[in-house]
Structure formats: C-alpha cells, structure tokens
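Residue-level structure breakdown
What follows is each chain in one-letter form.
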Amino acid sequence: MDWGSVTAEDLIDALREVDWSSPPRPLPEFFSRFTVPRSYAKWNSRLKCNLYYYRTNYFIMIVVILGLGFLRRPVAILAAILTALSIAFLNDSFAGTFSEKVTRTVRQFSPHLAAKMRPPLTPVIRGRPSAKRTIHICGRPRWVFVFVFSFVSFVLWYVSCGLLTVLWALAIALLATILHASFRTPNLKARLNTFREEFRAVWRNYSEL
C-alpha cells in the first residue's frame, strides 16, 4: 500500500472503522529500530503507516501520560477517562462492542430493560439496507453518548481546575506519538498487516453487495 497517497481524512476514516480490540504490539517491537526518514515523502508515508499499525500502543501511551499528570487530581482522572471514552465512541468497532457488553450485563438483571437497549432494525429492500447504517449505543444514537460524556468531562475539567495540566500532558503525549511514528522504521509485519486489513475491507464491502 502506498501510504503517501493516503490523505489525512482517509486515515481518520480507517482509524474510526478499524477494530481496536486487538492487543498492543510488544514493547521490543515498538522500540525496535529508529531511523531518520530520507525525504518528506518518506516521512509522510512512515507517519501514516505507524499511526495505523501502532494505534493501540499510541492510545495506551497517551492515556498513561495523561494519568501521570493527574496523580494528585482524582476528579481530573475521571474527566480524562470520560474524555477518552467519548473519543473511543467515535470508533464503530468500539461503540458496537461497548454496547453489546453493557446490554449483556444488563440482561442478567433486567431482560426487559435489555430489550429496550437493542439498536433499531434497519429496513432492507431487495437484500440491501434502505439507508446508511447508523451506529447505536445501548439503543440510542452514538452522538448522544458522545455529547453527554464530552459535556460531563468538560464540567469535571472545569471543577478540578486541571485544564491547563491536561493541555500540557496532551501536548507531551501527542509530541511523543509523532516523534515515535516519525522515526520508527516500518517493518515487514506492519506492511503485511496493512495488506491484510485492506483485504478484509474489500471482502467486507463485497459481502455487503
């Protein structure tokens, strides 16, 4: 795959749709080999490839750095967790898995309530959905959870007075992510994983026809 031809919008869409439940890459591989890119095109391609391949590692690293910045602010830690969840809800796979696990847990105590948490059925005409599938979480549109979690986290940031702290911690986390993605040399496993993800996407689109 030519990562140089992939736009930032395409990368964001891929990160939103890809499965995030896969475990992070091993640390020896994550800190294996670093080289300076020879040109801007090489750097651009390497950055996108590593952001996609090591997405779980970067997410954990950002959460850990944010957590270290709030050791003395318990309310800010809760705000950081809610902020991370509101961002994670934007990923289709995470939203579906979260909704399924919550519904399954609620079903053990109240099957009637769990039935109301099921997503609405999409009408199918001639074997195809009549409209684009809307992601639901616990029976509600995804944007409702994103808005509520974002609003509550913003209130907690304001109460804890930790907004400046989170900005510094987030800046450090993003800088560390960009530096690693810029100098980590993509290995053969990263390229093979990219081809495998491409095949899955093509096969998924073909099976929906």
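A short tour of the structure in this document, coming up. (Residues numbered from 1 in each chain as written. Predicted model: local features only at pLDDT ≥ 70, side-chain atom pairs only at ≥ 80, totals over all residues. Heavy atoms only, no water.)

**Comments concerning unusual backbone geometry**
Peptide bonds are, in most cases, trans, and in most cases residues other than glycine have a negative phi. Of note in the backbone geometry, C138 takes a positive phi value of approximately 55 degrees without being a glycine. One can find C138 in the loop between β3 (136-137) and β4 (140-141). (Helix = DSSP H or I, 4+ residues; strand = E, 2+ residues; numbered from the N terminus.)

**Describing empty space enclosed by the protein**
For the structure shown, the criterion picks out one cavity of 30 Å³ or more. Size it by volume and the largest cavity reaches roughly 30 Å³. Here the residues of the lining of the largest cavity sort into four nonpolar, three polar and two charged. (1 Å grid on protein atoms, 1.4 Å probe; cavity = no way out; pocket = protein on both sides within 12 Å on 5 of 7 lines; lining within 4 Å. Points joined across faces, edges and corners; volume = space filled by probe spheres on them. Nonpolar A, V, L, I, M, F, W, Y, C, P; charged D, E, K, R; others polar.)

**Regarding helix α3 (residues 40-53)**
Between its terminal C-alpha atoms α3 stretches 20 Å, which fits the 20 Å expected from 14 residues at 1.5 Å a residue. The complete set of buried residues in α3 reads N44, R46, L47, K48, C49, N50, Y52 and Y53. (Expected span 1.5 Å × (residues − 1). Buried < 20%, exposed > 50% of the residue type's maximum accessible area, 1.4 Å probe, protein only.)

**Brief notes about the side chain of R46**
Position of R46 relative to the elements: it lies in helix α3. For R46, a relative accessible area of 11% translates into the label buried. Residues contacting R46, with those up to four places away along its chain left out, are T35, V36, P37, A181, S182, F183, R184, T185 and P186. (Contact = heavy atoms within 4.5 Å.)

**Focus: the pattern of salt bridges**
Opposite charge on two side chains permits pairing when their charged atoms draw close. This model, assessed by the stated rule, comprises two salt bridges. Salt-bridge contacts for D92 lead to R142; the nearest nitrogen and oxygen are separated by 2.7 Å. Here D92, found in helix α6 (residues 92-109), pairs with R142, found in helix α8 (residues 142-160); they are 50 residues apart in sequence, far enough to count as distant. R104 is paired through a salt bridge with E100; the nearest N and O atoms lie 2.6 Å apart. Of this pair, R104 and E100 both sit in helix α6, separated by four residues, roughly a single helical turn. Overall, the relative accessible area of 47% leaves E100 in the partly exposed class. (Salt bridge = Lys/Arg side-chain N within 4 Å of Asp/Glu carboxyl O.)

**As for the packing of aromatic side chains**
Aromatic ring pairs are described here by two measures, namely the spacing of the ring centres and the angle between the planes. Under the defined criterion, the tally for this structure stands at 13 aromatic pairs. Measuring from ring centre to ring centre gives 4.8 Å for F30 and F31, while their planes differ by 80 degrees; the resulting arrangement is edge-to-face. The exposure class of F30 is buried, given its relative accessible area of 3%. With a centroid separation of 5.9 Å and 45 degrees between ring planes, the pair formed by F89 and F94 is classed as tilted. For F94, a relative accessible area of 27% gives the class partly exposed. Members of the aromatic cluster, each reached through a chain of ring pairs, are F30, F31, Y53, Y54 and Y58. The residue whose ring lies beneath R25 is Y53, and the NZ or CZ to ring-centre distance is 4.0 Å. Of note, R55 hangs over the ring of Y52, and the distance from its end group to the ring centre comes to 4.9 Å. (Phe/Tyr/Trp six-rings, centres within 6.5 Å; stacked < 30°, edge-to-face > 60°. Lys NZ or Arg CZ within 6 Å of the ring centre and 35° of its normal.)

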